[in-house]
Amino acid sequence: MQTERDFHTGESMTSETSAEEGEDIRSLADEEPERVLDLWERAGLPHRPRGRDAVHGLREQFARDSDLSLGAYVGRTLIGSVLATDDGRKGWINRLAVDPDYRRAGVGSRLLAEAERALAKRGKRIIAALVEDWNEESLSFFQARGYRPHDDITYLSKRDSEEA
Ligand SMILES: CC(C)(COP(=O)(O)OP(=O)(O)OC[C@H]1O[C@@H](n2cnc3c(N)ncnc32)[C@H](O)[C@@H]1OP(=O)(O)O)[C@@H](O)C(=O)NCCC(=O)NCCS
């Protein structure tokens, strides 16, 4: 038995989840960012450790948005992540990743559902995701879960460096 933090309340709770019982989704508030970066590496999710994915920034994000920063675990092994954000108008699904060894078993769907629940608790009525057009796996995933593409929108960004 291990003590974990509830992702809705931030309070400690007791988890009895074991590898045999399947995965457990919980806040990343106490997680080491390096383990999350390792997961993204395994999942083939591009990341920028010298920019927006720097360890100190991730640690701050996990603590600040503890209800929106979620990990999927089998025992103590991190097998999935989602870092949702709330920009005040919309909720965003970012950094959804599942370890390749655990895919097509519903882990991504359960992470998405928990992130959607947390955003709904914050009053968000629109939830959006940015997906690169080559990422057919992810495009199918989101469309099968009620997200619709907008072919009339172009993503624009302004950066202070290529690392950002
Ligand atoms: C997208 C991702 C998170 C899905 O995780 P998952 O645990 O496999 O998701 P689930 O098992 O809940 O759902 C899988 C669904 O995704 C879609 N999907 C996944 N792989 C697919 C493929 N090769 N072809 C078509 N659809 C696919 C299907 O809708 C599938 O549902 P099904 O198994 O019922 O057919 C995972 O593939 C991943 O980590 N990809 C790499 C990281 C990434 O690109 N993240 C998205 C960034 S926006």
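Data block above holds the structure.
Summary of the structure given here. (Residues numbered from 1 in each chain as written. Predicted model: local features only at pLDDT ≥ 70, side-chain atom pairs only at ≥ 80, totals over all residues.)

1. What about the overall build of the protein chain?
So, step 1. Of regular secondary structure, the protein chain possesses 4 helices and 7 strands.
So, step 2. Ordered by position from the N terminus, the helices and strands of the protein chain form the series β-β-β-α-α-β-β-β-α-β-α.
So, step 3. Residues counted as buried form 24% of the 164 residues belonging to the protein chain.
So, step 4. Within the protein chain, counting contacts between residues at least 6 apart in sequence, those at least 24 apart form 56% of the total. (Helix = DSSP H or I, 4+ residues; strand = E, 2+ residues; numbered from the N terminus. Buried ≥ 20, exposed ≤ 12 C-beta atoms within 10 Å, placed from the backbone. Contact = placed C-beta atoms within 7 Å.)

2. Section: the site of the ligand
So, step 1. Surrounding the ligand, one finds 21 residues, the nearest of these being Arg103, Gly108, Ser109, Ser140 and Phe141.
So, step 2. Those elements giving two or more residues to the shell around the ligand turn out to be strand E6 (91-98), helix H3 (107-121) and helix H4 (136-144). (Near = placed C-beta within 6 Å.)

3. Focus on the sheet that holds strand E7 (residues 127-129)
So, step 1. Strand order in the open sheet made by the 5 strands is E3-E4-E5-E6-E7, with mixed pairing throughout. Two strands bound the open sheet, and with one partner strand each, they are strand E3 (24-27) and E7. Between one strand axis and the next, the sheet turns by 30 degrees as a mean value, whatever way the strands run.
So, step 2. In this structure, strand E5 (residues 77-86) lies alongside E6, joined through 6 bridges in antiparallel fashion. (Pairing = 2+ DSSP bridges. Axes fitted to C-alpha atoms, helices over the stretch in contact; angles between N-to-C directions.)

4. Considerations on helix H2 (residues 55-64)
So, step 1. Looking at H2, one finds that the buried residues are Leu58, Gln61 and Phe62. Taken end-on, H2 shows its buried residues confined to a sector of 100 degrees, consistent with a single buried face. Exposed side of H2, more than 90 degrees from the buried face: His56, Glu60 and Arg64 are the residues found there.
So, step 2. The inward-facing, buried residues of H2 abut helix H1 (33-43), strand E4 (69-74) and E5. (Arc of directions from axis to C-beta.)

5. Quick look at unusual backbone geometry
So, step 1. Of note in this structure, arginine 95 is not a glycine but carries a positive phi near 55 degrees.
So, step 2. Tracing the backbone shows arginine 95 in strand E6.

6. Topic: the nonpolar core
So, step 1. Counting 23 residues, the largest nonpolar core has Val82, Ala84, Ile93, Leu96, Leu111, Leu112 and Ala115 as its most contacted members.
So, step 2. For this core, the elements supplying multiple residues, two or more each, are H1, H2, E4, E5, E6 and H3.
So, step 3. Considering each element in turn, this core owes the most residues, 6 residues, to H3. (Core = buried A, V, L, I, M, F, W, Y, C linked by C-beta atoms within 7 Å.)

7. Details of the environment of leucine 45
So, step 1. Mapped onto the fold, leucine 45 is located in the loop between H1 and H2.
So, step 2. Expressed as a C-alpha distance, the spacing of leucine 45 and arginine 95, which sit 50 residues apart in the sequence, is 7.7 Å.
So, step 3. Residues in contact with leucine 45, not counting those within four places in the same chain, are Trp40, Arg95 and Ala97.

8. Brief notes about the environment of arginine 64
So, step 1. Checked against the element boundaries, arginine 64 lands in helix H2.
So, step 2. What makes arginine 64 exposed here is the crowd of 11 C-beta atoms within 10 Å.
So, step 3. Placed 35 residues apart in sequence, arginine 64 and alanine 29 show a C-alpha to C-alpha distance of 8.2 Å.

9. Comments concerning the packing of H1 against H2
So, step 1. Their axes nearest at 9 Å, the elements H1 and H2 cross at an angle of 105 degrees. When the axes of H1 and H2 are compared, the pair comes out roughly perpendicular. Contacts from Pro33, Glu34 and Val36 of H1 reach H2 at Val55, Leu58 and Arg59.
So, step 2. Looking at the contact of H1 with H2, its residues break down into 4 nonpolar, no polar and 2 charged. (Parallel < 35°, antiparallel > 145°, perpendicular 65-115°, else oblique. Nonpolar A, V, L, I, M, F, W, Y, C, P; charged D, E, K, R; others polar.)

Shape is all these values report; function is a separate question.
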